[in-house]
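Notes for the structure review
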Amino acid sequence: MSQLTFILIPGSGGSAWYWHLVAPRLEQRGHEAIAVSLPAADDTAGLPEYAAAVVHAIGNREPRRVILVAQSLAGFTAPLVCQQVAVALLVLVNAMIPKPGETPGAWWRNTRHDAAKRQQNRRDSRAGDSPFDPLIEFFHDVPQPVIDEAWAQGEPRQSDAVFASACTFKSWPPVPTRVLIGHDDRFFPAAFQRRVAHERLGISADEMPGGHLVALSQPGQLASRLEAYATDVRAA
């Protein structure tokens, strides 16, 4: 297939490094892959500023060749980007899916995340109110060398400002959309994600191996899934 441009948006912390294992795999397949850095540490930056960074990265590329990929918190940025520029496909990966006007801070309560998380913890024989541990929640299936590299960089700072920023869109953008879930995600349990995707988008989510950070734990399979989605859309 001809070259596509994959615009890869990271979640909380806004670090383009999150995609450093996926981007070269897409490039090896003959595509362009752009991992976006977001102004996550900026206390004056909200969702409009996050979206502006993505729109800038897209530039004047041919819309029919642009695939937008949003991970976790970036689900709130994606519809704002799609309001401003046309893209061929949006892929939400273990993503927060907003309602019009919702803030990321309100999303947790509105989606009943806490209850879903406690239920999943009981199934996995983990204490429902255990202190948050990123190694357990995020990195449990990530190879140790990648964990070591992440720890060497230090934790990226995430300002709280974005969690009070409203996602100001009126309806979900009319762009083909796929929802992809890591079926071992401990932070956003798979059953929870399937429910939210159905309730908010009317979409049946797809699943793949991996936890919340599938770009670090399953980069090869994720790159293959992204290319396959793009192929399906262009063939339609």
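Heads up: these notes are all about the structure in this document.

Here is what the cut-offs are and how they apply
- Residues numbered from 1 in each chain as written.
- Predicted model: local features only at pLDDT ≥ 70, side-chain atom pairs only at ≥ 80, totals over all residues.
- Heavy atoms only, no water.
- Buried < 20%, exposed > 50% of the residue type's maximum accessible area, 1.4 Å probe, protein only.
- Helix = DSSP H or I, 4+ residues; strand = E, 2+ residues; numbered from the N terminus.
- Arc of directions from axis to C-beta.
- Contact = heavy atoms within 4.5 Å.
- Pairing = 2+ DSSP bridges.
- Right-handed = clockwise from strand over helix to strand, strands pointing away.
- Polar contact = N/O pair within 3.5 Å; in protein donor to acceptor, adjacent residues only side chain to side chain.
- Expected span 1.5 Å × (residues − 1).

Some points on helix 7 (residues 144–153)
Since the α-helix turns once every 3.6 residues, residues separated by three or four places project in the same direction. Of the positions making up helix 7, those classed as buried are Val-146, Ile-147 and Ala-150. Relative to the axis of helix 7, the buried residues are bounded by an arc of 100° and lie together on one face. Within helix 7, the exposed residues directed more than 90 degrees away from the buried face are Pro-145 and Ala-152. Of the surrounding secondary structure, the elements contacted by the buried residues of helix 7 are helix 6 (134–137) and helix 9 (214–217).

So, the pairing of strand 4 (residues 89–93)
Along strand 4, five of the five residues are buried, which leaves the element largely enclosed by surrounding structure. Of the two faces of strand 4, the one holding Leu-89, Val-91 and Val-93 and the one holding Leu-90 and Leu-92 are both buried throughout. Note: strand 3 (residues 66–71) against strand 4, five bridges, orientation parallel. Opposite Val-69, over in strand 4, you have Val-91 as the bridge partner. Following the chain from strand 3 across helix 3 (residues 78–84) to the adjacent parallel strand 4, one finds a crossover that is right-handed. Bridge analysis of strand 4 against strand 5 (residues 177–182) gives four bridges, and the strand direction is parallel. Paired with Leu-92 across the strands is Val-179, a residue of strand 5.

Regarding the pairing of strand 1 (residues 5–9)
For strand 1, the buried fraction is high: five of the five residues fall into the buried class. Residues Thr-5, Ile-7 and Ile-9 point to one face of strand 1 and Phe-6 and Leu-8 to the other, with burial holding for every one of them. Both strand 1 and strand 2 (residues 32–35) contribute to a ladder of four bridges, which runs parallel. Looking at the pairing, Thr-5 lines up with Glu-32 of strand 2. Direction of pairing for strand 1 relative to strand 3: parallel, over a ladder of five bridges. The partner of Phe-6 across the bridge, within strand 3, is Ile-67.

Focus on the side chain of Asn-94
With respect to the helices, strands and loops of the structure, Asn-94 is situated in the loop between strand 4 and helix 4 (104–110). Residue Asn-94 is classed as buried on the basis of its relative accessible area of 0%. At 3.0 Å, the side chain of Asn-94 forms a polar contact with the backbone oxygen of Gly-211. Residues contacting Asn-94, with those up to four places away along its chain left out, are Ser-72, Leu-180, Ile-181, Gly-182, Asp-185, Phe-188, Gln-193, Gly-211, His-212 and Val-214.

With respect to helix 8 (residues 190–201)
Here helix 8 contains twelve residues, and its C-alpha end-to-end distance of 16 Å stays within 8% of the 16 Å for a straight helix at 1.5 Å per residue. Buried within helix 8 we find Ala-190, Phe-192, Gln-193, Val-196, Ala-197, Arg-200 and Leu-201. Projected down its long axis, helix 8 shows its buried positions confined to an angular sector of 155°, all on one face. Buried residues belonging to helix 8 abut strand 4, helix 4, helix 5 (113–123), strand 5 and strand 6 (206–208). Just downstream of helix 8 lies Gly-202, where phi reads positive at about 65°.

Function-wise, these values are silent; they only describe arrangement.
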